[in-house]
Amino acid sequence: MESKDLCAVERRGRVHLITITGADDHRLNPTLLAAIRSAVAASDGAGALVLAAEGKYFSNGFDQAWVRTAPAHLHATMDGGFRALVADLLALPVPTVAAVTGHAAAAGCALALAHDAVVMRGSRGFLYMSEVDAGIKIVDFFAELIREKVPDATARRDLLLRGDKMTAAEAVRRGIVDAAVDGGVEDVVAAAVAEAERLAARGWDGEVVAEIRKAVWPKVWSKVKDHGAGPAAGRPRL
């Protein structure tokens, strides 16, 4: 499938809505990462951004099947592509909301947490950092992202060292996500768009939003900033 076919982009009011398409588990490989980055880059003129996904999964993490078949010299492109996507989101001059419409595991969980706010489906899906179960070492910026985005040390331990699969209700209780939404995929997307619209209505200076975000999560930013698209053009108001 071509990169351009992996994401649908639409505008809902002031919100730039990106949807990862298809009924698969949305494994992050260089092609999908490039498609998401392209969709994020197309948000110019929007007041906020929402990332969602079709089907049962938000994202089931890195594409290990791709790793097993791709030449070894290309393996770094997947890690680099994900670093670049996180950099793009941190430098984006609009508020960002993840609509976690299904399971978010490993890199998929990290992708959700890279947004300013997370809205999660209450009836299905979980957050899961699967590395300890899969026997995979966690990379440096993943560790910083979890450290800075998961405020409670016990919750971080349970995610990373126990491999707990956290439901939306549990993730809300632990302060990891902002809201659990009843219903199906569209209900979660609608709630995320409503939150994004509320943030867009604040009329913040977009450049200030981006610079505050980098300052609030400095260790993550320091590890990804050289991989992103570069400084975004300033915007007078959102």
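Residues numbered from 1 in each chain as written. Predicted model: local features only at pLDDT ≥ 70, side-chain atom pairs only at ≥ 80, totals over all residues. Heavy atoms only, no water.

Trainee: Looking at this model, I keep getting lost on the overall build of the chain. Mind explaining?
Mentor: Looking only at helices and strands, one finds 11 helices and 10 strands in the chain. With respect to the three principal axes, the spread of C-alpha positions in the chain is 45 × 40 × 35 Å. By residue count, 50% of the 238 residues in the chain fall in the buried class. Excluding contacts between residues fewer than 6 apart, the proportion of contacts in the chain whose partners are at least 24 apart in sequence is 75%. Within the structure as shown, the chain displays about 10400 Å² of accessible surface, and the carbon and sulfur contribution to it stands at 53%. On the chain, the mean spot of the 29 positive side-chain charges and the mean spot of the 30 negative ones are 3 Å from each other. (Helix = DSSP H or I, 4+ residues; strand = E, 2+ residues; numbered from the N terminus. Buried < 20%, exposed > 50% of the residue type's maximum accessible area, 1.4 Å probe, protein only. Contact = heavy atoms within 4.5 Å. Areas by Shrake-Rupley, 256 points an atom, 1.4 Å probe, with all protein chains shown as cover. Lys, Arg positive; Asp, Glu negative; His and termini not counted. Charge placed at Lys NZ, Arg CZ, Asp CG, Glu CD.)

Trainee: So what exactly am I meant to see when it comes to the sheet that holds strand 7 (residues 117-121) here?
Mentor: Within a beta sheet, neighbouring strands are joined by backbone hydrogen bonds and run either parallel or antiparallel to one another. A sheet is described by the order of its strands in space; here 6 strands give the open sequence 1-2-3-5-7-10, paired in mixed fashion. The open sheet is flanked by strand 1 (7-12) and strand 10 (179-181), the only strands paired with a single partner. Neighbour to neighbour, the strand axes of the sheet diverge by 20° on average, direction disregarded. Together, strand 1, strand 2 (15-20), strand 3 (48-53), strand 5 (96-100), strand 7 and strand 10 form the strand contacts of helix 9 (residues 185-200), whose direction differs from that of strand 5 by roughly 170°. (Pairing = 2+ DSSP bridges. Axes fitted to C-alpha atoms, helices over the stretch in contact; angles between N-to-C directions.)

Trainee: Please clarify how the pattern of salt bridges should be interpreted in this entry.
Mentor: Any two side chains of opposite charge can pair if their charged atoms end up close together. Under the definition given, this model contains 17 salt bridges. Across the salt bridge formed by Arg173 and Glu170, the nearest N and O atoms sit 2.8 Å from each other. Taken together, the positions of Arg173 and Glu170, both in helix 8 (residues 168-173) and 3 residues apart, correspond to about one turn of that helix. On the basis of relative accessible area, Arg173 is assigned to the exposed category, the value being 60%. Of the residues examined, Glu170 reaches a relative accessible area of 24% and is grouped as partly exposed. Residues joined in a network through salt bridges with shared partners are Arg157, Asp158, Arg162, Glu170, Arg173 and Arg174. (Salt bridge = Lys/Arg side-chain N within 4 Å of Asp/Glu carboxyl O.)

Trainee: Just to check I follow, could you spell out the packing of helix 1 (residues 30-41) against helix 3 (residues 76-91) for this structure?
Mentor: Each pair of packed helices gets described by two things: the angle between the helix axes and the distance between those axes. Contact geometry for helix 1 and helix 3: axes closest at 9 Å, N-to-C directions at 20°. As judged from the angle between their axes, helix 1 and helix 3 are roughly parallel. In the packing of helix 1 onto helix 3, the handedness of the crossing is left-handed. Where helix 1 approaches helix 3, its residues Pro30, Leu33, Ile36, Arg37 and Val40 are matched on the opposing element by Thr77, Met78, Gly81, Phe82, Ala84, Leu85, Asp88 and Leu89. Of the residues that constitute the contact of helix 1 with helix 3, the class distribution is 9 nonpolar, 2 polar and 2 charged. (Parallel < 35°, antiparallel > 145°, perpendicular 65-115°, else oblique. Left-handed = near helix turned anticlockwise from the far one by under 90°. Nonpolar A, V, L, I, M, F, W, Y, C, P; charged D, E, K, R; others polar.)

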